[in-house]
Amino acid sequence: MDLPSFLWLWRIAAWAMGLTIVAYLLQAATGSGLLFGIKWVRSLHIGVGIAIAILVLVLLGIGIVGTLGHYGSLGHSNHLWSGLAVVELVFLSAWSAVQIPTQPWARSVHIGVNFLLCLGLIWVSITGWEVVQKYLA
């Protein structure tokens, strides 16, 4: 398979992950603002949420292409499972957010999933660092 060099993919992944973490922190701030009744942050909160979903899909694509290109198969570390968990949590969060206007339970689910997403981002960052060390060794 003729793929771009891993370092090129790693740079994109590093930037995407960094932006995802910054966006998550911005989401936490704007989400807190919404809980305290600051209505003007709603559009920013939605926009940043969409950006996180796109960044996570970019990271998923890079992970699949990079791993298949290097190893020829998936599942060589816990990073696959942590990454899939984060993708799932991001889209569960997005789904629950869409339900908030009509379903009373959705806000609690959305907030709870986002707390789990914080743990997931920590887990995927740690396992991603381990993967990077393998590639660079």
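Just above sits the structure.
Going along each chain's sequence as written, the residues are numbered from 1 onward. The model is predicted, so local features are restricted to residues of pLDDT at least 70 and side-chain atom pairs to those at 80 or more, both for listing and for counting; the totals for chains, interfaces and linings are taken over all residues. The side-chain numbers reported here are obtained from all heavy atoms of the structure, hydrogens and water having been left aside.

**Remarks on the side chain of H45**
Helix and strand assignments come from DSSP, with helices taken as H or I runs of at least 4 residues and strands as E runs of at least 2, each series counted from the N terminus. Within the secondary structure, H45 sits in helix α2 (residues 42-71). N or O atoms within 3.5 Å of each other form a polar contact, as long as, within protein, one can give a hydrogen and the other can take it, and as long as residues adjacent in sequence are counted only when both atoms are side-chain atoms. Of the polar contacts made by the side chain of H45, one reaches the backbone nitrogen of G31; its length is 3.4 Å. We call two residues in contact when some of their heavy atoms are within 4.5 Å. Apart from residues lying up to four places away in sequence, H45 is in contact with Q27, T30, G31, L34 and H110.

**A closer look at helix α3 (residues 79-99)**
Each residue after the first adds 1.5 Å to the expected span of a helix. Along its 21 residues, α3 runs 30 Å from first to last C-alpha, staying within 8% of the 30 Å computed at 1.5 Å per residue. For every residue, the accessible area (1.4 Å probe, protein chains only) is compared with the maximum for its type, and the residue is labelled buried under 20%, exposed over 50%, or partly exposed between those bounds. S82, G83, V86, V87, L89, V90, S93, S96 and Q99 are the residues of α3 that are buried. On its buried face, α3 is in contact with α2 and α4 (106-136).

**Looking at the nonpolar core**
Core analysis: the biggest nonpolar cluster contains 21 residues, and I52, V56, V86, V90, L117 and L121 have the highest contact counts within it. The set of elements that each furnish at least two residues to this core consists of α1 (6-35), α2, α3 and α4. Sequence-distant contacts of L117, that is, excluding residues within four places in its chain, are made with Y24, V86, L89 and V90. Take the buried Ala, Val, Leu, Ile, Met, Phe, Trp, Tyr and Cys residues and link them wherever side-chain atoms come within 4.5 Å; each set so joined is a nonpolar core.

**Re the environment of S96**
Among the structural elements, S96 can be located in helix α3. Judged by its relative accessible area of 0%, S96 falls in the buried class. When neighbours within four sequence positions are excluded, S96 is seen to be in contact with A106, V109 and H110. A polar atom in the side chain of S96 sits 3.2 Å from the side chain of H110.

None of this, on its own, says anything about what the molecule does.
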